[in-house]
Amino acid sequence: MSGPRLVGVLGGMGPAATVDFYGKLVEETAATCDQGHVPVVIWGDPRVPDRSLSLLGGGEDPTPYLRRGIEALKRAGCEMLAVPCNTAHAFVPRLADEAGLELVSIVEVTADALAADGVRVAGLLATTGTLRAGLYADALRRRGLAVIEPDEPGQRQVTAAIGAVKSGGVHPAHRRALVDVSRSLADRGAERVVTACTEIVLALDRSRVPVPVLDPARLLARRVADLALG
């Protein structure tokens, strides 16, 4: 039977980010009835060890948990894989290849969008693990874009805001800090601010940032909808 391709969503990292992504996938699908939407299987396992801590050498390797989820999605009949967690992309490409699933990379989708818009300099808001692993920096530089990251105090504020979203305890101070860091990136020459951690999307008031803010989760949802529905 031909038709839309079944998409596996490797989620739970964190739960709010997974809910946010699925909502955006629904919004980005041009459907007029239930049957016009993308068929999805969501694997939401919040037990996956902290990806950023692992990359920084201070935490458990999340690979076995990620592999278990990907294999379960494969057994469920999924043909494509979407992972709303940005930092997990330091681990999942190899695992997707092992399972024979087509990974729609949130990193590559975002880098494509920035390049297509003619952006020359992008500012990154992300986990320290994502920055340290160079996930976005490498992808953007391959496309000729320069990258600006927060200074050390700014990154500590970003990390605190991410933790607040995960714990359900975001305060106005966290939101103000994200705006301040975003403005500092713009002041240093960033033409776009990339919210390269889905939790940041849930806490940043983009209306207070002087340059456009890019949401990788929405870009991923848009690409997944296009590919799944053909």
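Note: the structure precedes this text.
Now for a look at the structure at hand. Everything numeric in this text was worked out from a predicted model, so none of it was measured.

## Some points on the packing of helix α1 (residues 15-27) against helix α11 (residues 216-229)
The N-to-C vectors of α1 and α11 enclose an angle of 50°; their axes lie 8 Å apart at closest approach. Our classification of the angle between α1 and α11 gives oblique. Regarding α1 and α11, the two cross each other, and that crossing is right-handed. Touching D20, F21, K24, L25 and E27 of α1 are A217, R218, L220, A221, V224 and A225, all from α11. The residue makeup of the contact of α1 with α11, split by class, is seven nonpolar, no polar and four charged.

## Considerations on the packing of aromatic side chains
Remark: the centre distance and the inter-plane angle together describe each pair of aromatic rings, the angle taken between the planes. Scanning the entire structure with this criterion turns up zero aromatic pairs. The cationic tip of R68 hangs over the ring face of Y65; the distance from NZ or CZ to the ring centre is 5.2 Å.

## As for the state of the cysteines
Applying the stated rule across the entire model yields zero disulfides. Cysteine C85 is unpaired, with the sulfur of C197 as its nearest cysteine sulfur at 7.0 Å. Judged by its relative accessible area of 8%, C85 falls in the buried class.

## A few points about the sheet that holds strand β8 (residues 213-214)
The four strands lie next to each other as β6-β5-β7-β8, forming an open sheet whose pairing is parallel. Two strands bound the open sheet, and with one partner strand each, they are β6 (146-148) and β8. As paired elements, strand β5 (residues 121-125) and strand β7 (residues 192-195) share four bridges and run parallel to each other. Residue pairing for β7: L125 is matched across the bridge by T195. This element, helix α5 (residues 106-116), spans β5, β7 and β8 of the sheet and lies at about 170° to β7.

Conventions and cut-offs
Residues numbered from 1 in each chain as written. Predicted model: local features only at pLDDT ≥ 70, side-chain atom pairs only at ≥ 80, totals over all residues. Heavy atoms only, no water. Axes fitted to C-alpha atoms, helices over the stretch in contact; angles between N-to-C directions. Helix = DSSP H or I, 4+ residues; strand = E, 2+ residues; numbered from the N terminus. Parallel < 35°, antiparallel > 145°, perpendicular 65-115°, else oblique. Left-handed = near helix turned anticlockwise from the far one by under 90°. Contact = heavy atoms within 4.5 Å. Nonpolar A, V, L, I, M, F, W, Y, C, P; charged D, E, K, R; others polar. Phe/Tyr/Trp six-rings, centres within 6.5 Å; stacked < 30°, edge-to-face > 60°. Lys NZ or Arg CZ within 6 Å of the ring centre and 35° of its normal. Disulfide = S-S within 2.5 Å. Buried < 20%, exposed > 50% of the residue type's maximum accessible area, 1.4 Å probe, protein only. Pairing = 2+ DSSP bridges.

These figures capture arrangement, not role.
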